[in-house]
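# Summary of the model geometry
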Amino acid sequence: MTTETPARDAPVIVWFRRDLRLADNPALGHARATGRPVVPVYIHDEGGLVRRAGAASLWWLDGSLRALAADLAGRGAPLILRRGDSEAELRRLIAETGAGTVFLNRLFEPGAWTRDADIAHGLKVEGVDCRGFNGTLLARPGSVLTGSGGPYKVFTPFLKALLAVAEPPPPMPAPATIPGVQGLSSDILDDWSLRPTRPDWAVGFGGTPGEAGADAALAAFVADGLKTYSRDRDFPATSATSQMSPHLHFGELSPWRAVDMARAAAAAGQVPGTEADKFVAQLAWRDFSAHLLHQFPAMAERAFRPDYDAMPWRDDPAGLAAWQAGRTGFPVVDAGMRQLWATGWMHNRVRMIVGSFLVKDLLIDWRTGERWFWKTLVDADPGNNIQNWQWIAGSGADAAPYFRVFNPVTQGEKFDADGRYVRTWVPELERLPDRWLHAPWTAPPEVLRQAGVRLGHDYPRPIVDHAEARLRALEALRSVNQARATAD
Ligand code: FAD
């Protein structure tokens, strides 16, 4: 490790993490603007403070890195892959290249934030400049604050403030060429085994990881789904949402690009302005989640509203296993859990239904659900996953009230009235008429027989009585409220 002043043509290291794109990438753009050679690196660091990525998300990462490597190589700067402790690998690369600068786009969740600050400090002491940019969120956490200078805990005023203060950055096209450094050693991506092989449980996964895939998905959504987004986005059988979540999670496009494209379509009269606004609001939920987690790091493990840590959660391994396997006996819940397992993605409405079922009908701790989603979602994201699970559990900022318990039967009837979603993922109920599809146990024996369904055999009987489970959940809440009242 050198402490000498770096040479004038010393390369700049661009440390890629969840910004796997060339366009609108502030770290890369600023590195390119120095005119120095650029050393792009991705470090697969599975230890330390940063939570290990889940298996489904690693599948997406593999595709995204392949696309990034090809894009960089085509412009002259091969992507260097290293595996191990981030700081040690960066230091090794600095020593190998004589680089005097490291540019990165910041990650704001607590573990990564602390790690990056420690690394930047350590490198600075040794004369290496480490500069961070915001390339992942619409606004940097800490830049959207209430009148009294505190963080927002309610979404609507946050959204208003965000739209008022956040400035769209000027577009930064992907550099046409990137002068690189040749001959550096790099791992081979295949050796990281990020994709499953035996068995290959990801055969049903969809989407096209990488920047080109992200651009294509956004363009398709803006041309098609956006005009009826607010009307259709709650119906899981329609492809009415953007399915941009893994692209956004891995930073394959800037969230501002999504905002700009939606607004441009509205300005051109291709979609109503209200639809573009609704989509922008959903993107703002992503910022809200990330800002909250950054400002309240304890919420990664503890209830945002501390009273809820006293919730008498149940230990129910059989219930949990049935939920994970999509065998609860509630068709819309089972369809969602099977979609998740088969594709690594689940529709937002169904995420809410299955989440509510776990924390309320089964009274299982939201952290258990959060961990399962972390493992199985290609878009598993620290801010979004934790914030949304706490929202479902009623323990989060601006959360759904705990006493609002989703009824899995009426939710199915309302949002999957023609049963297309359930029939896709729960084919054993395919021939059951719509009238009984969301509550097969209420169907007369003759109807079940004609549909070829033997309850408890082809398809499970419900593992809970929803009405009783709802009362049990409300009773649990009452005990929490009583504990609080006594403490007050
Ligand atoms: P669109 O409707 O097209 O929305 C566009 C983008 O806005 C999304 O890609 C996403 O980045 C953001 N967004 C939309 N809804 C939300 C929301 N409620 N909260 C935060 N951001 C949102 N999303 C993740 O990206 N990663 C997760 O790990 C995750 N876990 C969740 C867990 C639960 C229990 C629930 C209820 C929701 C979770 N979500 C998560 C939020 C949401 O379900 C997904 O972002 C959305 O379904 C992705 O589909 P889409 O891209 O088609 O969304």
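These lines cover the structure that appears in this document, whether it is placed above or below. (Residues numbered from 1 in each chain as written. Predicted model: local features only at pLDDT ≥ 70, side-chain atom pairs only at ≥ 80, totals over all residues. Heavy atoms only, no water.)

Quick look at the overall build of the protein chain now. Looking only at helices and strands, one finds 20 helices and 5 strands in the protein chain. Across the protein chain, the fraction of contacts at a sequence separation of at least 24, relative to all contacts at a separation of at least 6, is 79%. Entry remark: accessible area of the protein chain is about 20900 Å², with carbon and sulfur atoms responsible for 54%. Where the 54 positive side-chain charges of the protein chain centre and where its 56 negative ones centre are 3 Å apart. (Helix = DSSP H or I, 4+ residues; strand = E, 2+ residues; numbered from the N terminus. Contact = heavy atoms within 4.5 Å. Areas by Shrake-Rupley, 256 points an atom, 1.4 Å probe, with all protein chains shown as cover. Lys, Arg positive; Asp, Glu negative; His and termini not counted. Charge placed at Lys NZ, Arg CZ, Asp CG, Glu CD.)

Turning our eyes to something else, we now look at the environment of Trp425. Along the chain, Trp425 turns up in helix α17 (residues 420–425). Taking C-alpha positions, Trp425 is 4.8 Å from Ala335, a pair spaced 90 residues apart along the chain.

Glancing now at unusual backbone geometry. Across the chain, the bulk of peptide bonds are trans and the bulk of non-glycine residues have phi less than zero. Here the amide bond leading from Arg198 into Pro199 is cis, since omega sits at -5°, within 30 degrees of zero. With respect to the secondary-structure elements, Pro199 resides in the loop between α5 (155–165) and α6 (211–223). Of note, Asp24 is a non-glycine position whose phi angle comes to about 50°, a positive value. For Asp24, the location among the structural elements is in the loop between β1 (12–16) and α1 (26–33). Despite not being glycine, Ser193 shows a phi value in the positive range, around 50°. Its place among the elements puts Ser193 in the loop between α5 and α6. Judged by its relative accessible area of 54%, Ser193 is exposed. (Buried < 20%, exposed > 50% of the residue type's maximum accessible area, 1.4 Å probe, protein only.)

Counted according to the given criterion, the structure contains 26 salt bridges. In this structure, Asp316 and Arg314 form a salt bridge, with 3.3 Å as the shortest nitrogen-oxygen distance. By relative accessible area, Arg314 is classed as partly exposed at 30%. Close ionic contact of Asp379 with Arg351 constitutes a salt bridge, the shortest N to O distance being 2.8 Å. With Asp379 in the loop between α14 (366–376) and α15 (382–393) and Arg351 in helix α13 (residues 348–361), this residue pair connects regions lying 28 residues apart in the sequence. (Salt bridge = Lys/Arg side-chain N within 4 Å of Asp/Glu carboxyl O.)

In this section: the side chain of Asp379. Here Asp379 falls in the buried class, since its relative accessible area comes to 6%. Within the local environment of Asp379, its side chain forms a polar contact with the side chain of Ser245, the two groups lying 2.7 Å apart. Those residues in contact with Asp379 that lie beyond four places of it in its chain are Ser245, Pro246, His249, Gly344, Trp345 and Arg351. (Polar contact = N/O pair within 3.5 Å; in protein donor to acceptor, adjacent residues only side chain to side chain.)

Among the 27 residues in the neighbourhood of the ligand, the closest are listed as Tyr229, Thr241, Ser242, Gln243 and Asn348. In the environment of the ligand, an oxygen atom lies 3.4 Å from a nitrogen or oxygen atom belonging to the side chain of Arg351. Take Asp381: an N or O atom from its main chain is 3.1 Å from an oxygen atom of the ligand. Relative to its unbound accessible surface of 820 Å², the ligand loses 97% to contact with the protein. Elements with a contribution of two residues or more to the shell around the ligand: α8 (245–249), α10 (273–295), α13 and α15. In terms of residue count, α10 provides more of the shell around the ligand than any other element does, 6 residues in total. (Near = heavy atom within 4 Å.)

This paragraph deals with the packing of helix α3 (residues 86–97) against helix α4 (residues 110–125). Their axes nearest at 10 Å, the elements α3 and α4 cross at an angle of 35°. Crossing handedness for the pair α3 and α4: right-handed. Facing Ser86, Glu87, Leu90, Arg91 and Ile94 of α3, the residues of α4 in contact are Arg115, Ile119, Gly122 and Leu123. (Axes fitted to C-alpha atoms, helices over the stretch in contact; angles between N-to-C directions. Left-handed = near helix turned anticlockwise from the far one by under 90°.)

Time to look at the nonpolar core. By size, the foremost hydrophobic cluster in this structure holds 97 residues, and its most contacted members are Trp323, Val333, Phe373 and Leu432. It is α10 that contributes the most residues to this core, 9 residues altogether. Residue contacts for Val333: discarding those within four places in its chain leaves Trp323, Thr328, Ile353, Val354, Phe357 and Pro408. Membership of the second largest hydrophobic core comes to 31 residues, among which are Phe16, Leu28, Trp192 and Val378. (Core = buried A, V, L, I, M, F, W, Y, C linked by side-chain atoms within 4.5 Å.)

Without other data, these values stay purely geometric and don't point to any function.
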